[in-house]
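An overview of the molecular structure
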Amino acid sequence: MESAAKTPTSLSLPWKTRISLWLFDTAIDLITRKDGTVNRGLLKLVDFRIPSSSEPINGVNTYDVTVDPTRELWFRVFVPTQYPVEDLPVMVFFHGGAYIVLSPDVNIYDDVCRKFARELPAIVVSVNYRLAPEHRHPAQHDDGLDVLKFLDIEENRSKWLPENANISRCFIAGDSAGGHIAHHVTQRASQFNFQKLKVTGLVAIQPFFGGEERTDSEIRLDGSAPIVSMKRTDWFWNAFMPLEPYNRDHPIINVSGPNGVDISKMDFPATMVVVAGFDGLRDWQIRYYQWLKKSGKEAYLVDYPHMFHTFYVFPELPESDQLISEVKDFIHKVLNKV
C-alpha cells in the first residue's frame, strides 16, 4: 500500500476526461467572483441533483436523513443490498468542492459513495455540510462532528441506520476540501467521549492543505495541472477562513506546520493518505503523511504519479477503481487489528 513513485513529465488523459476537466475549470472561474463571493445563481444552471432511491441502483439503495434543518445539515445513507445481515463498518464521507460547491446528491458523489458502499462493502454516510463563503470555518468542522454525535445516539442510530451498521468500526473519509474536513473532524472526534461510536480509521484522499511557503509542486504545476492553481487555492482559503486577518500557516490550513496541533498524545486513528503526481498540493499532502508518522501514528501513503487532483471521481480512469481497491485493503487491514 505504501508507495511514492516518480512523477512523469506530462499528463496523459482520455479526451472525455480532458473535456470534463476543462468544463469544471471554466465553471469554477465563472462562479468565483473577485469580491470573494460565489455566483450561486449561475451555479444553479449546472447544479444537477440525484434524488435518493429506495430501489437499488447498482446494488445500493439510498435515503436522506436530516440532522438540523435550520442549517440544512443532512446526510445521504448508502446501503449495499448484497450484505443484508453481515456486520458492516460505517464510512462517514465528506465531499470535495473547494469548500464552496457540491453536495452528497450531485452525480459524481452519489456515484462515488455508491461505489464505496458496494465495493468495500460499508454503510456510507455522506455529509451535506454548510458551504463557504456564506458559512466560514468552523461551520464545516462543526457540522461534521455533529453528524458523528447524531449517529452516536442510540435512538437516532436505530431509526436511521440499518441493523448491520457497526458504528464502533467507523471510518472517516473525504477528498480534497473534504479530506481537509475529514482530518479536522477526526482530530476533534479523537478528543470527544462517544458512547458507542469509535473512529478506527481516516481516509484522506488528496486533502486540501497549504501554507505560507510555495512548495515545489505548487510552483512546478501552477497553470499546467488541472483543478488546482495557486491563485485558486488562495481564493478558496480566503472564502473558507474567518474574516479576521490570518496567514496560511494557520493550524487549520497548515496542519503539519509550525503552528500545528500536537496529536502525538491523541488517540488518532490509522490514516491512509492519497497523493497524485499532477496535484499542486502534493507536497503538502506528503508532509502531512510524514507528520503523522513523526507523531507516532499509523499512516500509509498511496501515490498515483500519472494522476491529478480529484482523479478518482472520473470512472473512465482505471485508477478510479484502483483507488477503491486500495481503500478496501486499508479498511480490512485496520479492522484485522481491531
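Structural data are supplied above this passage.
Throughout, residues of each chain are indexed from 1 in the direction in which the sequence is written. Where totals are concerned, whole chains, interfaces and linings use all residues; where local detail is concerned, this predicted model gives features only for residues with pLDDT of at least 70, and gives and counts side-chain atom pairs only at 80 or more. Side-chain measures here rest on the full set of heavy atoms in the structure, leaving out hydrogens and waters.

Overview of the pairing of strand 7 (residues 270–278)
- For every residue, the accessible area obtained with a 1.4 Å probe (protein chains only) is divided by the maximum for its type, and the residue is called buried under 20%, exposed over 50%, and partly exposed between those limits. Secondary structure elements follow DSSP: runs of H or I of four or more residues count as helices, runs of E of two or more count as strands, with numbering from the N terminus. A large share of strand 7 lies buried, amounting to 9 of its 9 residues.
- The pairing of strand 6 (residues 199–205) with strand 7 spans 5 bridges and is classified as parallel. Of the residues in strand 7, the one forming a bridge with Ala204 is Val273.
- Throughout, right-handed denotes a crossover for which the path from the first strand over the helix to the second runs clockwise when the strands point away from the viewer. For the crossover from strand 7 across helix 9 (residues 282–294) to strand 8 (residues 299–308), the handedness is right-handed. DSSP calls a pair of strands paired once it identifies at least 2 bridges connecting them.

Re helix 4 (residues 139–152)
- Take the number of residues in a helix, subtract one, and multiply by 1.5 Å to get its expected span. Taking 1.5 Å per residue as the helical rise, helix 4 with its 14 residues ought to reach 20 Å, and the 20 Å between its terminal C-alpha atoms agrees with that figure.
- Counted residue by residue, helix 4 has 11 buried out of 14 residues, so it is predominantly covered.
- Buried within helix 4 are the following residues: Ala139, Gln140, His141, Asp143, Gly144, Leu145, Val147, Leu148, Phe150, Leu151 and Asp152.

Structural notes on the pairing of strand 6
- Extensive coverage of strand 6 is indicated by the burial of 7 of its 7 residues.
- Inspection of the sheet shows strand 5 (residues 165–175) paired to strand 6 by 6 bridges, in the parallel sense. By the bridge assignment for strand 6, Asp175 is matched with Ile205.
- Regarding the hand of the β-α-β motif, the stretch spanning strand 5, helix 6 (residues 177–189) and strand 6 is right-handed.

A few points about the pattern of salt bridges
- The term salt bridge refers to a pairing of a side-chain nitrogen on Lys or Arg with a carboxyl oxygen on Asp or Glu at a separation within 4 Å. This structure, assessed with the given rule, holds 23 salt bridges.
- Between Arg71 and Asp68 there is a salt bridge, with its nearest N and O atoms 2.8 Å apart.
- The partner of Glu213 in a salt bridge is Arg287, and the shortest N-O contact between them spans 3.0 Å. Residue Glu213 is found in the loop between strand 6 and helix 7 (216–221), and its partner Arg287 is found in helix 9; the two are separated by 74 residues along the sequence.
- Its relative accessible area of 41% is what places Glu213 among the partly exposed residues.
- Given a relative accessible area of 30%, Arg287 falls into the partly exposed group.

Overview of the packing of helix 3 (residues 107–119) against helix 10 (residues 318–337)
- It is the contact of helix 3 with helix 10, at a shortest axis distance of 10 Å, that shows an interaxial angle of 45°. If you check the angle between helix 3 and helix 10, you find them oblique. For the pair helix 3 and helix 10, the sense of crossing is right-handed. In contact with Lys115, Phe116 and Glu119 of helix 3, helix 10 contributes Ser320, Asp321, Ile324, Val327 and Lys328. Between the N-to-C directions of two axes lies an angle of 0 to 180 degrees, each axis being a line fitted to C-alpha atoms and, for a helix, fitted only over the stretch in contact. Oblique is the label for every angle not falling under 35 degrees (roughly parallel), over 145 degrees (roughly antiparallel), or within 65 to 115 degrees (roughly perpendicular). Helix crossings get a hand from a simple test, with the near helix turned counterclockwise from the far one by less than a right angle marking a left-handed crossing and a clockwise turn marking a right-handed one. Whether two residues are in contact is decided by their heavy atoms: any pair within 4.5 Å suffices.

Details of the sheet that holds strand 1 (residues 60–68)
- The strand order across the open sheet formed by 8 strands is 1-2-4-3-5-6-7-8, and the pairing between neighbours is mixed. Two strands bound the open sheet, and with one partner strand each, they are strand 1 and strand 8. Across the sheet, the mean angle separating the axes of adjacent strands is 20° when strand polarity is ignored.
- Seen against the sheet, helix 10 touches strand 3 (88–94), strand 5, strand 6, strand 7 and strand 8 and runs at an angle of roughly 180° to strand 8.

What about a nonpolar patch on the surface?
- Think of a patch as exposed residues, more than 30% relative accessible area, with no salt bridge, where like charges cluster within 9 Å and nonpolar side chains (Val, Leu, Ile, Met, Phe, Trp, Tyr) cluster within 5 Å. In short, Shrake-Rupley with a 1.4 Å probe defines the accessible areas, and a residue's cover is counted only from the protein chains shown. Judged by side-chain polarity, Leu30, Leu42, Leu45, Val46 and Phe48 come together as a nonpolar surface patch covering roughly 520 Å² of accessible area.
- Note that Phe48 resides in the loop between helix 2 (40–44) and strand 1.
- Its relative accessible area of 60% is what places Phe48 among the exposed residues.

Side note on the side chain of Arg114
- With respect to the secondary-structure elements, Arg114 resides in helix 3.
- A distance of 2.8 Å separates a polar side-chain atom of Arg114 from the backbone oxygen of Val60.
- Apart from the residues lying within four places of it in its own chain, the contact partners of Arg114 are Ile57, Asn58, Val60, Thr62 and Phe78. We define a polar contact as two N or O atoms separated by no more than 3.5 Å, with the added condition that, inside protein, one atom must be a possible hydrogen donor and the other a possible acceptor, whereas residues neighbouring each other in sequence contribute only through side-chain atom pairs.

Remarks on helix 1 (residues 15–31)
- Taking 1.5 Å of rise per residue, 17 residues should cover 24 Å, and helix 1 covers 24 Å from first to last C-alpha, within 8% of that figure.
- Along helix 1, the residues that are buried comprise Thr17, Leu21, Asp25, Ile28 and Ile31. Looking straight down helix 1, one finds that the buried residues subtend no more than 145° of arc, so they occupy a single side. Turned more than 90 degrees away from the buried face of helix 1, the exposed residues are Trp15, Lys16, Trp22 and Leu30.
- Looking at the buried positions of helix 1, the neighbouring elements they touch are helix 2, helix 8 (230–240) and strand 8. Arc definition: directions from the helix axis to the C-beta atoms.

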